[in-house]
Amino acid sequence: MSHEGIRFVSAEEARRHDQQHRELPREAVEPAKVRVHKTEGTGMEIEWKDGHFSAWNFAWLRLACPCATCHEEREHSGRRPGEPKPKAAALLPMYEPPPRPTTVTPVGRYAISFHWNDGHTSGIYSWDFLRRNCTCLECTGEHIAESQERS
């Protein structure tokens, strides 16, 4: 019997996977209003049909890019969406301009896409992805409370 392709995971990793893949109610992943503050360079806000409000700054959105390359790199390094890469200790760090979209495009009725000032263009931010990665205190507090309950 072959065990090829079988991967053993911790209970915490299994719970996190289940949470990320549970189906959300339709109203929770359909935006009522989307505002992208491109000119101000501040970020994006979504009012969801279920009444929830979410907001992300452009730095978080760029770091959370859901394209295959960025997702794989984050997964390999153990980072969550929006979590920055560890900075290498250097005497003189290189200047990096803050992430800003040069263009913002709707993708059908299910997502939004950004073309970033660093040239990256392949991320498609689905409404489901954005809602699951809401950075508001209510949502991040729930994640903290859930992980504390399991400890």
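Scroll up to find the structure.
It should be emphasised that the depicted structure is a prediction, and the values quoted were computed from it without experimental measurement. (Residues numbered from 1 in each chain as written. Predicted model: local features only at pLDDT ≥ 70, side-chain atom pairs only at ≥ 80, totals over all residues. Heavy atoms only, no water.)

Engineer: Which residues make up the sheet that holds strand S4 (residues 101-107), and what values do they have?
Structural biologist: Ordered in space as S4-S5-S6, the three strands form an open sheet in which the pairing is antiparallel. A single partner strand is all that each edge strand has here, and the edge strands are S4 and strand S6 (124-126). Pairwise comparison of adjacent strand axes, ignoring direction, gives a mean angle of 25 degrees for this sheet. Pairing geometry for S4 and strand S5 (residues 111-116), over six bridges, is antiparallel. (Pairing = 2+ DSSP bridges. Helix = DSSP H or I, 4+ residues; strand = E, 2+ residues; numbered from the N terminus. Axes fitted to C-alpha atoms, helices over the stretch in contact; angles between N-to-C directions.)

Engineer: Describe in detail the nonpolar core, supporting the description with residues and values.
Structural biologist: Core analysis: the largest hydrophobic core is formed by 18 residues, its most contacted members being Met 44, Trp 56, Leu 61, Phe 114, Tyr 125 and Leu 130. Contributions of two or more residues to this core are made by strand S2 (43-48), helix H2 (58-63), S5 and helix H4 (127-132). Non-local contacts of Phe 114, meaning those with residues more than four positions away in its chain, are made with Val 36, Met 44, Phe 58, Leu 61, Pro 101, Thr 103, Val 104, His 120, Thr 121, Gly 123 and Tyr 125. (Core = buried A, V, L, I, M, F, W, Y, C linked by side-chain atoms within 4.5 Å. Buried < 20%, exposed > 50% of the residue type's maximum accessible area, 1.4 Å probe, protein only. Contact = heavy atoms within 4.5 Å.)

Engineer: Report on the layout of surface pockets, specifying residues and quantitative values.
Structural biologist: The volume enclosed by the second largest pocket comes to roughly 450 Å³. Lining the second largest pocket are 16 residues; nearest its centre among them are Arg 62, Leu 63, Glu 96, Pro 99 and Asp 118. At the level of elements, H2 and helix H3 (68-77) are the ones that each hand at least two residues to the lining of the second largest pocket. In terms of residue class, the lining of the second largest pocket is built from seven nonpolar, one polar and eight charged. (1 Å grid on protein atoms, 1.4 Å probe; cavity = no way out; pocket = protein on both sides within 12 Å on 5 of 7 lines; lining within 4 Å. Points joined across faces, edges and corners; volume = space filled by probe spheres on them. Nonpolar A, V, L, I, M, F, W, Y, C, P; charged D, E, K, R; others polar.)

Engineer: Requested: an account of the state of the cysteines, with residues and values cited.
Structural biologist: Scanning all chains against the criterion turns up zero disulfides. The thiol of Cys 65 is not disulfide-bonded; the next cysteine sulfur, from Cys 67, is found 3.7 Å away. In this structure Cys 136 is not part of a disulfide, and its nearest cysteine sulfur, from Cys 134, lies 3.5 Å away. (Disulfide = S-S within 2.5 Å.)

Engineer: Talk me through the pairing of S2; I want residue IDs and the actual numbers.
Structural biologist: The pairing of strand S1 (residues 31-37) with S2 spans six bridges and is antiparallel. Within S2, the position partnered with Arg 35 by the bridge is Glu 45. Count of turn residues in the S1/S2 antiparallel hairpin: five residues, of which Gly 41 carries a positive phi of about 75 degrees. When S2 meets strand S3 (residues 53-57), the two strands line up antiparallel, connected through five bridges. Bridge pairing in S3 links Glu 47 to Phe 53. Connecting S2 to the next strand, S3, in antiparallel fashion are four residues, including Gly 51 with a positive phi near 95 degrees.

No statement about biological role is implied by the geometric values presented.
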